[in-house]
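Overview (structure and organization)
Single-letter residue listing:
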Amino acid sequence: MRVSDLFIYPLKSARAIALPFSAVDSFGLPGDRRAMVTDPDGHFITQRELPALARIEIQPETEAFRLVMTGKPDIAVPPPQPDRRTDVVVWKSLVNAAVADDESNARLSEWLGRDVKLVFFDNQAQRIANPEWAGAETPMTFADGYQILVTTTGSLKALNANLALHAEGSVGMERFRPNIVIDTDEAWLEDRWAAIEIGGIRFDLVKPCARCIMTTQDQMTGSREVPNPMPAMGRIRMSADRRVRGVIFGWNAVPRGTGRIAIGDAVTIIEERPEGWPFKMRAAG
């Protein structure tokens, strides 16, 4: 097995950037989910409520960030000032984040048709993953819950086979917004991986990823008039464990070291979870 793709999402819920290689640190892949859009009260906004975020790219530059949206003039966002801060909420986490300048926020609000703020996870910001799953004091940025999301090509193939069986089309891996994609011949192997090693770095697969409406949206346009993977996941990937409710695709992972990984790197299973994860139904139909 080898790494087939690497992605970061510099602006939470916006477009991905594909990478040929990446450093790995305690936060995950550097640059991932370092910026986020919030409402005026500081509550995070994602494609779940604002599908237009799928149309935005954030391009990191040496001294600034650039926001790009088709049909709109680019927004060059100056470096955030460390003393210009606000508290923001990401699910159950409260994070003290740096806030973009007023002009950038006004222009982004115009793009999105509502009053928003752009915030940054800078060196002063702090957040940790849920210790019940990730262990003590594992730092993270604005990701939904954990540092890295791992998916496999074999599982996507099996999901698309179920979609095809019911004449429901097919979906690409971009719908699931992974960080690390692993090329596998078999489906759902990741359910039995407790830990893997890539580039000499251990990654603990700590919790399966429950999926939501974002998987039903085109990741370039935000449109929901596209094939929907949720029915197939409901047929074959419905969690039977009350700790993680709903449909499952991919696993959240925590890096236990630092280094560098690249497309083509070998993936080694170093610890297994023989019991896998309980599902209500695994039939193909």
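Residues numbered from 1 in each chain as written. Predicted model: local features only at pLDDT ≥ 70, side-chain atom pairs only at ≥ 80, totals over all residues. Heavy atoms only, no water.

**Brief notes about the overall build of the protein**
Heads up, the rule is: Starting at the N terminus, helices and strands are each numbered in turn, a helix being any DSSP run of H or I of at least four residues and a strand any DSSP run of E of at least two. We compute the radius of gyration over the C-alpha atoms and compare it with the globule rule, which gives 2.2 Å times the number of residues raised to the power 0.38. Categorising residues by exposure relies on relative accessible area from a 1.4 Å probe, with only protein chains included: less than 20% of the type maximum marks a residue as buried, more than 50% marks it as exposed, and the intermediate range marks it as partly exposed. By the convention used here, residues are in contact when the closest approach between their heavy atoms is within 4.5 Å. Surface exposure here means Shrake-Rupley accessible area, sampled with a 1.4 Å probe, where a residue is shielded only by the protein chains that are shown. A residue counts as positive if it is Lys or Arg and as negative if it is Asp or Glu; His and the chain ends are not included. Think of each charge as sitting on NZ of Lys, CZ of Arg, CG of Asp or CD of Glu.
Regarding its fold elements, the protein presents four helices and 18 strands. Taking 285 residues into account, the globule formula puts the C-alpha radius of gyration at 19 Å, and the protein, at 19 Å, falls close to it. Across its three principal axes, the protein shows a C-alpha extent of roughly 55 × 40 × 35 Å. Burial statistics for the protein: of 285 residues in total, 51% are counted as buried. Put simply, 69% of the contacts in the protein that link residues at least 6 apart link residues at least 24 apart. Roughly 12,600 Å² of accessible area belongs to the protein as shown, and the carbon and sulfur atoms make up 51% of that amount. Of the side-chain charges in the protein, 34 are positive and 37 negative, and the distance between the mean point of each set is 5 Å.

**Concerning the pattern of salt bridges**
Between side chains of opposite charge, a pair can form as their charged atoms come close. Operational definition: The term salt bridge refers to a pairing of a side-chain nitrogen on Lys or Arg with a carboxyl oxygen on Asp or Glu at a separation within 4 Å.
Under the counting rule described, the total for this entry stands at 14 salt bridges. In this structure, the salt-bridge partner of Arg-256 is Asp-204, at a minimum N-O distance of 2.8 Å. Of this pair, Arg-256 sits in the loop between strand E16 (248-255) and strand E17 (259-262) while Asp-204 sits in strand E15 (residues 201-210); the two residues are 52 residues apart in sequence, bridging distant segments of the chain. Judged by its relative accessible area of 39%, Arg-256 is partly exposed. By relative accessible area, which is 13% here, Asp-204 ends up buried. If you follow the salt bridges from partner to partner, you end up with Arg-202, Asp-204, Arg-256 and Glu-271 in one network.

**Points about the domain arrangement of the protein**
Note the cut-off: Residue ranges assigned to each domain were obtained from an automatic or database domain assignment. When two components associate, each loses some accessible surface as probed by a 1.4 Å sphere; the sum of these losses over both components is called the buried area.
As assigned here, the protein comprises domain 1 (2-27 + 130-272) and domain 2 (35-120). For domain 1 and domain 2, the distance between their C-alpha centres works out to 24 Å. Taken together, the contact between domain 1 and domain 2 spans 21 residues of the former and 24 residues of the latter. Around 1,900 Å² of area is buried between domain 1 and domain 2 when both sides are counted, 60% of it from carbon and sulfur atoms. Broken down residue by residue, the surface that domain 1 buries against domain 2 is led by Leu-11, Arg-15 and Phe-142, which jointly contribute 38%.

**Looking at empty space enclosed by the protein**
Operational definition: A pocket, in this scheme, is an open set of points on a 1 Å grid over the protein atoms alone with protein on both sides within 12 Å along at least 5 of 7 lines, while a cavity is a set where a 1.4 Å probe fits but cannot get out; residues line either one if an atom lies within 4 Å of a point. Grid points are joined across faces, edges and corners, and a volume is the space filled by probe spheres set on the points. Each residue is assigned to one of three groups, with Ala, Val, Leu, Ile, Met, Phe, Trp, Tyr, Cys and Pro labelled nonpolar, Asp, Glu, Lys and Arg labelled charged, and all others, Gly among them, labelled polar.
Tallied over the full model, the rule gives one cavity of 30 Å³ or more. In this structure, the largest cavity encloses a volume near 40 Å³. Along the walls of the largest cavity sit Asp-25, Phe-27, Leu-29, Pro-30, Gly-31, Asp-32, Arg-34 and Thr-141, which together make up its complete lining. Classifying every residue of the lining of the largest cavity by side-chain character gives three nonpolar, two polar and three charged.

**Re the sheet that holds strand E5 (residues 44-45)**
Keep this limit in mind: Strands qualify as paired when DSSP identifies two bridges or more between them. Orientation is described by axes fitted as lines to C-alpha atoms, over the contacting stretch for helices, and by angles from 0 to 180 degrees between their N-to-C directions.
Strands sit in the order E5-E4-E11-E10-E9 across an open sheet of five strands; the sheet is antiparallel. Edge positions in the sheet fall to E5 and strand E9 (85-90), since each has one partner strand and no second. Where strand E4 (residues 35-38) meets E5, two bridges bridge the pair, whose relative direction is antiparallel. Counted as the bridge partner of Val-37 is Ile-45 from E5. Sitting on the sheet, helix H1 (residues 102-112) is in contact with E4, strand E10 (93-99) and strand E11 (117-120), with an inclination near 120° to E11.

**A few points about the UniProt feature "domain: MOSC" (unreviewed entry) in the protein**
How we decide: UniProt positions are given in the numbering used here, feature names are shortened, and annotations may be inferred rather than shown by experiment.
When the UniProt feature table is mapped to this numbering, "domain: MOSC" (unreviewed entry) covers residues 122-270. Between the C-alpha atoms that bound residues 122-270 there is a distance of 34 Å. The span itself is 16% helix and 28% strand.

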